[in-house]
Amino acid sequence: MLVAAENELNVFESAEARFEIAARKLELEDGLYRYLKYPNKEITVYVPVALDNGHLEVFIGYRVLHSAVRGPGKGGIRFAPNVTLDEVRALAAWMTWKSAVVNIPFGGAKGGVICDPSKLSKTELERVTRRYTAELSEWLGPERDIPAPDIGTNDQIMAWVMDTYSMHVRQATTAVVTGKPLDLGGSQGRREATGRGLMICADRAVEKFRMKRADSRVIVQGFGNVGSQASLLMHEAGYKIIGVADVHGGLYNEKGFDIPKLYDWVYIQHRPLPEFPDGGEKTNPQEILFRPCEILIPAATENQITSENAHRLSCRILCEGANGPTTAQADPVVEKKGIFVIPDILGNAGGVTVSYFEWVQDRQGFFWRESEVNERLTDVMQLSFDQVINYAEAHKVDNRIAAYILAIDRVTRALKLRGFYA
Ligand code: NAD
């Protein structure tokens, strides 16, 4: 059953289509359906920033709080030229479902600023971040809404968010934001967390199908935070990474890549990924998705797998690192091909899980060893994976809809207990 999104590439419609299928399966009452379909709040801010050359620019920024039913809003800030309010809305809703899938006490939120961080100097980036945070200061807070990094933002930007918020509330408040540097209340293991979560899910699927890591060929699209860390960890664990790509191009090598060397090439030597000397065959960044492999990890951006190209997939397991890499219209094609899907709201939930651990540690003022963080993350991811798979079997739906059903069920239970304030 598919509720068609009118515009396949509109991520908000894509997210809504899945929500709708899951809501119908759950026989969600009309009122609750409407309550959960729309965000709680949407804020648009106009961010005036003096550029280094003296010109004044005004950037448009958004923050959407989708739900605070199970706890404060939680979700990243994206800096990218193609940010739209619809995209931020979809990402905020996904955060609600994701936090519920892994059963952590957060709601869902997301933010974004329309800008190209690669064209801004460090000082310009700092001013954009500080003014955006200042405009939102009364909406953010450790008990209200807690940002984190996403595409185009990093730990330094989170440090500026923390400092700006702290100046406004007149006290150092580390727990207002996660993904911070370790010296500023960040958590051990946060940088690797999303990639590690993906590997934990892949491991579980490999076990389920009685496959072996060493015989599992992996392709990763995107070599940013998520893709590079997933590649490094999976390489170390014995998987064979045969395809990699970033926005500049892809590389395919049947023999497998030396990922630590590639990481050094891209992040230490700052050289273009497609020029990697032991690189194998060059492809374009999207074609890499259709090469044969056991595990495909799209970890770049939205709408990579669509109704136009899904029939070309040649993987056994689709483990989604990016948010929304597969459109709603592509879902039935992927299902028909018998591909085992680890949907984004489960697969990439390692990031928000360790963000939750960071928030807990900041509030406790007591920090955990990396092994403790990883152990707790493993427990959460394995349990959530098993719950989603059990739900899929019990409700006779695919894994993605099962994850939505599990999440909607948890949020509606909390909502009913809280009741509706007049
Ligand atoms: P990032 O900015 O660090 O990296 C993005 C990577 O994707 C870069 O290597 C970039 O070159 C590549 N890329 C961009 N467009 C591409 C294209 N069209 N084809 C191929 N490669 C392309 O971002 P990130 O933090 O790694 O996030 C990646 C995805 O994972 C996003 O969808 C994000 O929302 C999602 N996500 C991130 C986290 C996190 O903890 N960072 C957590 C959950 C989900």
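The structure this text deals with has already been given above.
Residues numbered from 1 in each chain as written. Predicted model: local features only at pLDDT ≥ 70, side-chain atom pairs only at ≥ 80, totals over all residues. Heavy atoms only, no water.

1. Let's talk about the site of the ligand
- Of all residues adjacent to the ligand, which total 22 residues, the nearest are Asp-150, Thr-194, Val-226, Val-247 and Asn-323.
- Within the backbone of Gly-224, an N or O atom sits 3.1 Å from an oxygen atom of the ligand.
- Taking Asn-323, its side chain carries an N or O atom lying 2.8 Å from an oxygen atom of the ligand.
- Relative to its unbound accessible area of 830 Å², the ligand is 82% covered by the protein chains.
- Elements that contribute at least two residues to the shell around the ligand include exactly helix H6 (190-208) and helix H7 (225-237).
- For the shell around the ligand, the residue count by class is 8 nonpolar, 10 polar and 4 charged. (Near = heavy atom within 4 Å. Polar contact = N/O pair within 3.5 Å; in protein donor to acceptor, adjacent residues only side chain to side chain. Areas by Shrake-Rupley, 256 points an atom, 1.4 Å probe, with all protein chains shown as cover. Helix = DSSP H or I, 4+ residues; strand = E, 2+ residues; numbered from the N terminus. Nonpolar A, V, L, I, M, F, W, Y, C, P; charged D, E, K, R; others polar.)

2. Looking at empty space enclosed by the protein
- The full count for this structure, using the stated rule, is 1 cavity of 30 Å³ or more.
- Taken as a whole, the largest cavity holds about 100 Å³ of empty space.
- As for the largest cavity, its lining consists of Phe-12, Ala-15, Glu-16, Phe-19, Leu-36, Lys-37, His-66, Ala-90, Ala-93, Trp-94, Trp-97 and Tyr-404.
- Elements supplying a minimum of two residues to the lining of the largest cavity: helix H1 (11-26), helix H2 (30-37) and helix H3 (85-101).
- For the lining of the largest cavity, the residue count by class is 9 nonpolar, 1 polar and 2 charged. (1 Å grid on protein atoms, 1.4 Å probe; cavity = no way out; pocket = protein on both sides within 12 Å on 5 of 7 lines; lining within 4 Å. Points joined across faces, edges and corners; volume = space filled by probe spheres on them.)

3. A closer look at the layout of surface pockets
- Considering only enclosed or pocket space, the second largest pocket measures out at about 340 Å³ in volume.
- As for the second largest pocket, its lining consists of 19 residues, of which Asn-40, Lys-41, Leu-65, Ala-68 and Arg-418 are closest to the centre.

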